[in-house]
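Notes for the structure review
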Amino acid sequence: MEQQAKDIERQECDVLVIGGGPAGTTVAPFLTEKGYKVVVLEKARHPRFHIGESLLPANLPLFERMGIAEEVKAIGMVKPGAEFVSPHHDMAQCFEFADAWDKSMPYAYQVKRDEFDTILIRNAEKKGVEVHEGCKAKAVDFLPDNSGAIVRALHDDGRESEWKARFVVDASGRDTFLANRFQIKHRNPKHNSSAIYGHFAGAKRHDGQAAGNITIFWFEHGWFWFIPMMNDTTSIGMVTWPYYMKTIGDRNIEQFLMDGIAMCPALAERLKDAKLVNKVEATGNFSYVSERNHGQNYMLLGDAYAFIDPVFSSGVLLAMNSGVIGAEAIDTCLREPARAAAALKRFDALMKHGPKEFSWFIYRVTNPIMRDFFMYPKNIFRVKEALLSVLAGDIFGKTPIWRSILMFKVLYYIANIIQPKRAFMGWKRRNFNIRPVEVPAVYNA
Ligand SMILES: Cc1cc2nc3c(=O)[nH]c(=O)nc-3n(C[C@H](O)[C@H](O)[C@H](O)COP(=O)(O)OP(=O)(O)OC[C@H]3O[C@@H](n4cnc5c(N)ncnc54)[C@H](O)[C@@H]3O)c2cc1C
């Protein structure tokens, strides 16, 4: 017992961050800039594969602020817009970010996450964050009297370390470190899908600037993403419902993905000369939310708090934005405890804002009436510009889109009233799609 106690390295810090993905590597440098001693624990070693490769225009001002804009530009494929391809309409519709309400954010990037996340974690180190890679947080004990927490971690060489921290940030992504321990993570009852994805070389791209556009292809059992990245790599993912996942039978996930692609002729055409270049992976039941995003001396950022669906490529933006607002709130908690409650209340409202705004569209995007809205967009009451601003992730600033977004929703509800049979069939189909079904164990994450 005595020997064991001696072997543990004990240290102290102001803020201990669990997870070195976009959320953790954003909150950490903003805190060192404010003068705190910050430690990030990352169980993997960068560069490491991660899914989530299509970024949003609203990410770019943040890259400027963090001083990494040039590095991201060097690895990023310029994405000027998002294309939706519908077999039900036999056509494609392209939305250009340059047409959004705020014309100053005309494009985003698509990035390989191993490269992007490496830029983020090295940037954190440069800004004075103490980063430990290959170091997995294993346990946390919150101390009485509001005096912080002890976090225990295991390094991949077998060493054990322990930090006494004034504040703990959970940025562990889908591992949901704290939400699991507190048992506050819940499957989202309004959404339920899975994804199977891989990288291809030789996929057919559009000409000119549109070569970097993300394409969303709807198909009978969900939708596909087509994300062009640098060096002729294209990420392809099939997002589908549990009932369809169950039909996998004896097929491996690579075969299942290929069979799905064959069911979507417009995508199959763009992949006819393409070759799979990495191992196909699958992620299941990715829609969840935690009951709370903070408590005494801790908070949950990015995917460690909630994740809904990748259709609007909002995950990285929401994770990094949570890092920015998290750093502000933690600073107030540590510097002016008397104002902590108000700061955390504001943090909570901002954390809920993103998932709420995106989920209204996410829950309806496979509905036939909503598909019509996407395929034949009209700009009455500037609803198209406002929708484009949402697609660009411009939902946290001062862009005055909200009246037009409300009009969009009103028009959508009116369309449902005018077409009750289609509305009912859409509602019935959605309930069928999202119901939980026992699926064979095919997931990596
Ligand atoms: C199928 C799918 C497709 C997606 N596509 C997109 C997209 O196109 N665009 C987009 O913006 N988003 C997309 N996302 C979402 C995006 O991947 C995430 O929202 C984003 O990565 C969240 O960042 P994060 O920092 O919260 O978590 P993560 O990026 O997951 O980072 C968490 C980090 O914590 C580490 N960690 C976990 N547990 C521990 C521990 N105990 N100790 C130490 N370290 C730990 C992990 O190794 C990881 O590096 C997609 C998600 C899915 C599931």
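Scope of this entry: the structure provided in the associated data block. (Residues numbered from 1 in each chain as written. Predicted model: local features only at pLDDT ≥ 70, side-chain atom pairs only at ≥ 80, totals over all residues. Heavy atoms only, no water.)

**Focus on the packing of helix α12 (residues 368–375) against helix α14 (residues 402–418)**
- Between α12 and α14, whose axes approach to 10 Å, the crossing angle comes to 130°. With respect to α14, the element α12 is oriented oblique. Note that α12 runs across α14; the crossing there is right-handed. Across the interface between the two elements, Ile369, Met370 and Phe373 from α12 touch Phe408, Leu411, Tyr412, Ala415 and Asn416 from α14.
- Classifying every residue of the contact of α12 with α14 gives seven nonpolar, one polar and no charged. (Axes fitted to C-alpha atoms, helices over the stretch in contact; angles between N-to-C directions. Helix = DSSP H or I, 4+ residues; strand = E, 2+ residues; numbered from the N terminus. Parallel < 35°, antiparallel > 145°, perpendicular 65-115°, else oblique. Left-handed = near helix turned anticlockwise from the far one by under 90°. Contact = heavy atoms within 4.5 Å. Nonpolar A, V, L, I, M, F, W, Y, C, P; charged D, E, K, R; others polar.)

**Brief notes about the packing of helix α3 (residues 59–66) against helix α10 (residues 315–335)**
- Contact pair α3 / α10: the axes reach a minimum separation of 10 Å and the direction vectors enclose 45°. By the angle between their axes, α3 is oblique relative to α10. Along this stretch, α3 crosses α10, giving a crossing that reads as left-handed. For the pair α3 and α10, the contacting residues are Asn59, Leu62, Phe63, Arg65 and Met66 in the first and Val316, Leu317, Met320, Asn321 and Val324 in the second.
- A per-class count over the contact of α3 with α10 returns seven nonpolar, two polar and one charged.

**Things to note about the sheet that holds strand β18 (residues 288–290)**
- Strands sit in the order β11-β18-β21 across an open sheet of three strands; the sheet is antiparallel. Strands at the two margins of the open sheet, each flanked by one partner only, are β11 (185–187) and β21 (306–307).
- Pairing of β11 with β18 involves three bridges; the strand directions are antiparallel. Note on β18: the bridge partner recorded for Lys185 is Ser290. (Pairing = 2+ DSSP bridges.)

**Points about the site of the ligand**
- Every one of the 37 residues lining the ligand counts as a neighbour, but Glu42, His50, Ser54, Asp303 and Val316 are closest to it.
- One nitrogen or oxygen atom from the main chain of Ala23 is found 2.9 Å from an oxygen atom belonging to the ligand.
- Backbone polar atom of Ser54 to a nitrogen atom of the ligand: 2.8 Å apart, as the coordinates give it.
- Here the ligand, which alone exposes 1,000 Å², has 97% of that area covered by the protein. (Near = heavy atom within 4 Å. Polar contact = N/O pair within 3.5 Å; in protein donor to acceptor, adjacent residues only side chain to side chain. Areas by Shrake-Rupley, 256 points an atom, 1.4 Å probe, with all protein chains shown as cover.)

**Let's talk about the side chain of Lys409**
- Counting through the fold element by element, Lys409 comes out in helix α14.
- Leave out the neighbours within four places in its chain, and Lys409 touches Glu357 and Trp360.

**Description of the packing of aromatic side chains**
- Under the definition given, this model contains 27 aromatic pairs.
- Among the aromatic side chains, those forming a connected cluster through ring pairs are Phe84, Phe95, Trp218, Phe312, Trp360, Phe361, Phe373, Phe374, Phe408, Tyr412 and Tyr413.
- In this structure, Lys185 is placed above the aromatic ring of Tyr288, and the distance from its NZ or CZ to the ring centre is 4.4 Å.
- Above the plane of the ring of Trp101 lies Arg382, whose end atom (NZ or CZ) is 3.8 Å from the centre. (Phe/Tyr/Trp six-rings, centres within 6.5 Å; stacked < 30°, edge-to-face > 60°. Lys NZ or Arg CZ within 6 Å of the ring centre and 35° of its normal.)

**Here's the deal with the state of the cysteines**
- Applying the stated rule across the entire model yields zero disulfides.
- Not part of a disulfide, Cys135 finds its nearest cysteine sulfur in Cys13, a span of 12 Å. (Disulfide = S-S within 2.5 Å.)

**Let's talk about the pattern of salt bridges**
- What the rule picks out here adds up to 26 salt bridges.
- A salt bridge links Arg152 to Asp141, with the shortest nitrogen-to-oxygen separation between them at 2.4 Å. Residue Arg152 is found in strand β9 (residues 149–155), and its partner Asp141 is found in strand β8 (residues 135–142); the two are separated by eleven residues along the sequence.
- Owing to a relative accessible area of 38%, Asp141 belongs among the partly exposed residues under this scheme. (Salt bridge = Lys/Arg side-chain N within 4 Å of Asp/Glu carboxyl O. Buried < 20%, exposed > 50% of the residue type's maximum accessible area, 1.4 Å probe, protein only.)

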